[in-house]
Amino acid sequence: MRVIGLMSGTSYDAVDAAAADLELSAEDGALHLVPLGMVSEPYPADVRQALAAALPPAATTLAEVCRLDTRIGQAFAAVAARADRELCAGRAELVASHGQTVYHWAEDGRVHGTLQLGEPAWIAERSGCPVVSGFRPRDVAAGGQGAPLVSLIDLMLLRGRPGVPAALNIGGIANVTVLPAGGGPLAFDTGPGNALIDAAVRELSAGKLAYDADGALAAAGRVHEALLERLLCGEPYYRLPAPRTTGKELFHAGYLRARLAGFGELRPQDLVATLTRLTARTVADALRPLGTTEVFVSGGGVRNPALMAMLREELAGDTAGTGRTGSTGGSARTGSTAVRGSQELGLPAEAKEAYAFAVLGYLTLHGLPGNAPGCTGAAGPRLLGSLTPGSRPLRLPAHPGRAPQALTVRGAAIARAAR
């Protein structure tokens, strides 16, 4: 089955579409994925501005939510149509849309609700394909965190690897999936990925820059140890047990301004370097106690060389020179965690989440659960999402009988269309 996965993360910079041929093998029970490529388009400037203005902690109206739901759905529809045309030769059979997360209602370690915008009817109308959307709420209704849903795909890719493998995605928020030795899998948000770095760059540049391109600011700065200590010690989220999830409801520009109070004037480069170290430190402090031996990284953070260098330093056995304070409860160890790209598992770093939702859409259409309860905290496996019919009569495929335990990626050449 030819499936298009659509994704826009918490950085809300673009809509990504990844196309794949998916087949569940009757012989080995594995799900086989042939990647067909990826296209990506930034949100129209007015949509991005309206989205930024409506996100927490800003106030908004139901009228603006309605407008955003429509305009985001239209943006997703345009990218899906392009992916079908350029990657699938017009033969896509299903679209799986994550939508745009605008609020994740988490309190006292529990998630009570989650909201993704991007009306799927626009995607179905434009592409003619049935659309699976609204993946997260069912896991939440079953007592789960609703995230990270990509953990199911991570587990399918990581099973059978030696040692203690982990997958890390660095978007606006960073999340990990880990297969500990002798225990069940874990998955959770470690804290800010690019969220605070991006917020600082936008404020420092008066909105002219959206992110630290190539990590240039962080590379030119020095970590402000007192500020880093305040950021680490003053945030209770880092000490919550897994599973835990968070979002820009917590880590936003106002959060950063409040924690900068009393520090006086900081060089922009030093502030960005400190926030970049914060991301690397909180990821490492989350992984270190689990004894991870390798971590496969994906997401927009891989394009930041300064962040990746700090992450490697933090995950090295020798932490000398990194300014380690151990403030989040992590303890130094003698081993070293190898940092690799998700492309070594067959999925390119920038497209992995879009491919993951293509897989989740495929599972839903076939009547198979799409969550990993041990990772999200849900009461059990659940069939995720809602189905919007396309232009043709809706015919559901036969139930395969059992869910796949492994995901194999075939075909090393991954095409990627330019934005």
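Provided above is the structure to which this section pertains.
The residue numbering used here restarts from 1 in each chain and proceeds along that chain's sequence as written. Selection of residues for local features in this predicted model requires a pLDDT of at least 70, selection of side-chain atom pairs for listing and counting requires 80 or more, and totals for whole chains, interfaces and linings are taken over all residues. In computing side-chain properties, one takes all heavy atoms of the structure into account and sets aside hydrogens as well as water.

S.K.: Looking at this structure, I do not really get the pairing of strand E11 (residues 338-341). What am I missing?
M.R.: Residues in a regular strand point their side chains to alternate faces of the sheet. The buried label applies to any residue whose accessible area, calculated with a 1.4 Å probe on protein chains only, is under 20% of its type's maximum; exposed applies above 50%, and partly exposed to all values in between. Think of it this way: any DSSP run of H or I at least four residues long counts as a helix, any run of E at least two long counts as a strand, and we number them from the N terminus. In E11, alternate side chains face the same way, and those of Val339 and Gly341 are buried while those of Ala338 and Arg340 on the opposite face are not. Strand pairing is defined by DSSP finding a minimum of two bridges between the two strands. Bridge count for strand E10 (residues 294-298) against E11 is four bridges, and the pairing is parallel. Counterpart to Glu294 in the pairing with E11 is Ala338.

S.K.: Just checking my understanding: could you explain the sheet that holds E11 for this structure?
M.R.: Consider a sheet: its strands pair through backbone hydrogen bonds, and that pairing is either parallel or antiparallel. Taken in spatial order, the five strands line up as E9-E8-E7-E10-E11 in an open sheet, and their pairing is mixed. Of all the strands in the sheet, the pair left with one neighbour each is strand E9 (186-192) and E11. Across the sheet, the mean angle separating the axes of adjacent strands is 25 degrees when strand polarity is ignored. Sheet topology note: the strand E8 (residues 173-178)/E9 ladder contains six bridges and is antiparallel. Opposite Thr177, over in E9, you have Ala187 as the bridge partner. Contacts are assigned to residue pairs with any non-hydrogen atoms lying within 4.5 Å of each other. To get an axis, a line is fitted to the C-alpha atoms, and for a helix only the part in contact is used. The angle between two axes follows their N-to-C directions and goes from 0 to 180 degrees. The sheet contacts of helix H10 (residues 268-287) involve strand E7 (165-170), E8, E9 and E10, and relative to E9 the element is tilted by about 155 degrees.

S.K.: Help me understand the packing of helix H1 (residues 45-54) against helix H2 (residues 62-87), please; the structure alone is not making it clear to me.
M.R.: Think of two packed helices as two axes; the pair is described by the angle between the axes and how far apart they sit. In the contact formed by H1 and H2, the axes pass within 11 Å of each other and the chain directions differ by 140 degrees. As far as their axial angle goes, H2 and H1 are oblique. Considering the relative orientation of H1 and H2, their crossing is left-handed. From H1, Asp46, Val47, Ala50, Leu51 and Ala54 reach across to H2, where they touch Glu64, Leu68, Arg71 and Ile72. Of the residues belonging to the contact of H1 with H2, the class tally is six nonpolar, no polar and three charged. Any angle that falls under 35 degrees is termed roughly parallel, while one over 145 is termed roughly antiparallel, one within 65 to 115 roughly perpendicular, and all others oblique. Note on convention: near helix rotated counterclockwise from far helix by under a right angle means a left-handed crossing. Clockwise means right-handed. Gly is put with the polar residues, along with every residue not named as nonpolar or charged; the nonpolar set is Ala, Val, Leu, Ile, Met, Phe, Trp, Tyr, Cys and Pro, and the charged set is Asp, Glu, Lys and Arg.

S.K.: Explain the side chain of Lys248 to me, please; I cannot follow it from the model alone.
M.R.: Topologically, Lys248 is positioned in the loop between helix H8 (225-233) and helix H9 (253-260). Buried within the structure, Lys248 lacks any salt-bridge partner; Asp198 is the closest side chain of opposite charge, at an N-O distance of 5.4 Å. At 2.7 Å, the side chain of Lys248 and the backbone oxygen of Thr10 are in polar contact. Ignoring any residue separated from it by four or fewer positions in sequence, one finds Lys248 in contact with Thr10, Ser11, Tyr12, Pro56, Ile173 and Ala195. Charge assignment: positive for Lys and Arg, negative for Asp and Glu; neither His nor the chain ends contribute. A side-chain nitrogen of Lys or Arg and a carboxyl oxygen of Asp or Glu constitute a salt bridge if their distance falls within 4 Å. The definition of a polar contact used here is a pair of N or O atoms within 3.5 Å, where within protein one atom must be able to donate a hydrogen and the other to accept one, and adjacent residues in sequence count solely through side-chain atom pairs.

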